[in-house]
Amino acid sequence: MPSKARAGGRAQEALCEYLTRAIEMRRQQLGIDLISSMISASEDDERLCDSEILAQCNLILVAGNITTSDLISNGIKALLQHPEQLAALRAEPELIVNAVEEILRYDSPVIQANRVLLTDTSFSGCPMHRGESISVSLAGANRDPRANPEPDRFNIRRRDIRHQSFGGSKHLCLGAHLARIEAQEAILGLIQRFPNLSLVKQDFEYRPVPSFRGLKELWVSRE
């Protein structure tokens, strides 16, 4: 909708103005915060310029908040829809590490990524050329039965979970380890504090944001 697009544009402008002022302040007096670290960082005598720091702040703020909250809500939803898995996690809290990996595979908060081809290649008979942009489905890779048998089954005891939700290699998500810890603590804390947690509504609406899979809302009851 045009009105939402305009509101989003104004919000982005305001955020960039705020971050620009913060960068200017840190250049005058460095602190122990992330922006100060980016200002001080250098490699082969090269330093980040303000536009690069601004872009990185935007990325970390958006990707580091929205995706983690979506991971938590997607995980709670999956557990409440599979009471036998929820019961297993309550009985064995140490399963939370594996449970979060299975949540990432089963219902990832990021479902698509874009790449630029460095060389000519082909995939399943489809030719692709250097310099072209392609979109890859992380959700599709996570449900590949060659990587994860019975891919449509939610199983927090699954062995050798192979998912692409954080990317990989040089494209590995910067906050992957932090997101894992946040999700583990939040999900386990919630189900332990509220032993009678249940879904209020079974119809779910997702935000229409490309590449992301996050609920607009998740209604639960603690009774």
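Cut-offs used in this document
Residues numbered from 1 in each chain as written. Predicted model: local features only at pLDDT ≥ 70, side-chain atom pairs only at ≥ 80, totals over all residues. Heavy atoms only, no water. Buried < 20%, exposed > 50% of the residue type's maximum accessible area, 1.4 Å probe, protein only. Helix = DSSP H or I, 4+ residues; strand = E, 2+ residues; numbered from the N terminus. Contact = heavy atoms within 4.5 Å. Axes fitted to C-alpha atoms, helices over the stretch in contact; angles between N-to-C directions. Parallel < 35°, antiparallel > 145°, perpendicular 65-115°, else oblique. Nonpolar A, V, L, I, M, F, W, Y, C, P; charged D, E, K, R; others polar. Salt bridge = Lys/Arg side-chain N within 4 Å of Asp/Glu carboxyl O.

Draft legend 1. Quick peek at helix 5 (residues 96-106). Here helix 5 lies mainly inside the structure; 9 of its 11 residues are buried. Of the residues making up helix 5, those classed as buried are Ile 96, Ala 99, Val 100, Glu 101, Glu 102, Ile 103, Leu 104, Arg 105 and Tyr 106. In the core, the buried residues of helix 5 are packed alongside helix 3 (50-81), helix 4 (83-91), helix 6 (138-142) and helix 7 (176-193).

Draft legend 2. Expanded view of the packing of helix 3 against helix 5. Viewed as axis vectors pointing N to C, helix 3 and helix 5 meet at an angle of 95°, and their least axial separation amounts to 10 Å. In terms of their interaxial angle, helix 3 and helix 5 are classed as roughly perpendicular. Mapping the contact onto sequence places Leu 71, Asn 74, Gly 75 and Ala 78 in helix 3 and Ile 103, Leu 104 and Tyr 106 in helix 5. Its residues assigned to classes, the contact of helix 3 with helix 5 shows 5 nonpolar, 2 polar and no charged.

Draft legend 3. Main features of the pattern of salt bridges. Scanning the entire structure with this criterion turns up 13 salt bridges. Across the pair Glu 101 and Arg 180 runs a salt bridge whose closest N-O atoms are separated by 2.6 Å. Here Arg 180 lies in helix 7 and Glu 101 lies in helix 5, a separation of 79 residues in the sequence. A salt bridge links Arg 146 to Asp 144, with the shortest nitrogen-to-oxygen separation between them at 2.9 Å. The class for Arg 146 is exposed, based on a relative accessible area of 73%.

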